[in-house]
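# Observations on chain architecture
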Amino acid sequence: MSQTTEAGPIDYSDFAKVDVRVGTVIGVEPFHEARRPAFKLWVDFGPEIGTRKTSAQLTAHYTPDSLRGRQVAAVVNFPPKQIGKFMSEILVLGFPDATGAVVLVTPERAVPNGGKLF
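What counts and how
- Residues numbered from 1 in each chain as written.
- Predicted model: local features only at pLDDT ≥ 70, side-chain atom pairs only at ≥ 80, totals over all residues.
- Heavy atoms only, no water.
- Helix = DSSP H or I, 4+ residues; strand = E, 2+ residues; numbered from the N terminus.
- Rg over C-alpha atoms; globule rule 2.2 N^0.38 Å.
- Buried < 20%, exposed > 50% of the residue type's maximum accessible area, 1.4 Å probe, protein only.
- Contact = heavy atoms within 4.5 Å.
- Areas by Shrake-Rupley, 256 points an atom, 1.4 Å probe, with all protein chains shown as cover.
- Lys, Arg positive; Asp, Glu negative; His and termini not counted.
- Charge placed at Lys NZ, Arg CZ, Asp CG, Glu CD.
- 1 Å grid on protein atoms, 1.4 Å probe; cavity = no way out; pocket = protein on both sides within 12 Å on 5 of 7 lines; lining within 4 Å.
- Points joined across faces, edges and corners; volume = space filled by probe spheres on them.
- Pairing = 2+ DSSP bridges.

### A closer look at the overall build of the chain
Broken down by element type, the chain carries two helices and nine strands. In sequence order, the chain lays out its α and β elements as α-β-β-β-α-β-β-β-β-β-β. Scaling as 2.2 N^0.38, a compact globule of 118 residues should have a C-alpha radius of gyration of about 13 Å, and the chain matches this with 15 Å. Projected onto the principal axes, the alpha-carbon positions of the chain cover approximately 45 × 35 × 30 Å. A buried classification covers 31% of the 118 residues belonging to the chain. Relative to all contacts within the chain whose residues are 6 or more apart in sequence, the contacts with residues 24 or more apart total 56%. Surface summary for the chain: the accessible area is close to 8000 Å², and the carbon and sulfur share equals 57%. Taking the average place of the 13 positive charges on the side chains of the chain and the average place of its 12 negative ones, the gap between the two points comes to 5 Å.

This is the structure:
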């Protein structure tokens with residue numbers, strides 16, 4: 001059985017460059033200007049990183065009320081990306097369900113905001 005994926009093998013040093021942290025969603029707004037249904041999210045990563053914002057196509061499984069207070073995993077060291085008139089600063093992580101809708105990656109229990117994935 002092959003140990004590679006479509007992207008090919010990487011070294012641990014490649015993985016270590018991706019800074020995945022946990023944070024708590026503290027703000028959610030509909031992103032009306034987006035091409036596909038989406039939310040604007042503000043995520044608190046604790047005092048070291050602070051609050052960062054992003055947009056995410058999460059409307060199939062989540063409402064603003066179900067997102068507020070939820071801990072999520074996100075890449076915090078990508079450069080900011082302009083999405084319409086909104087500047088995204090992080091990439092919230094998720095997996096596609098059977099229909100392709102996003103299911104968020106979340107810790108199974110509460111952990112301190114800013115915790116780094118290892």
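Don't stop here, the text continues.
### Description of the layout of surface pockets
There is about 670 Å³ of room inside the largest pocket. Only β3 (51–56), β5 (81–83), β7 (91–92) and β9 (102–104) provide two or more residues apiece to the lining of the largest pocket. Broken down by element, the residue count for the lining of the largest pocket peaks at three residues, all from β3. Considering only enclosed or pocket space, the second largest pocket measures out at about 230 Å³ in volume. Contributing to the lining of the second largest pocket are 13 residues, with Val20, Val22, Ala73, Pro107 and Leu117 lying nearest its centre. No other element matches the three residues that strand β1 (residues 20–30) contributes to the lining of the second largest pocket.

### Details of the pairing of β3
Across six bridges, strand β2 (residues 39–44) lies against β3 in antiparallel orientation. Bridging across to β3, Phe39 finds its partner in Ala56. Hairpin connection, β2 to β3: the antiparallel pair is bridged by six residues, and Gly46 has positive phi, about 85°.

### Some points on the sheet that holds β2
As summarised here, the arrangement of the five strands in space is β3-β2-β1-β4-β7, forming an open sheet in which the pairing is antiparallel. The sheet terminates laterally at β3 and β7, the two strands that pair on one side only. Here β1 pairs with strand β4 (residues 71–75) via five bridges, running antiparallel. Note that in β4 the partner of Thr24 across the bridge is Gln71.

Keep in mind these values describe shape, not function.
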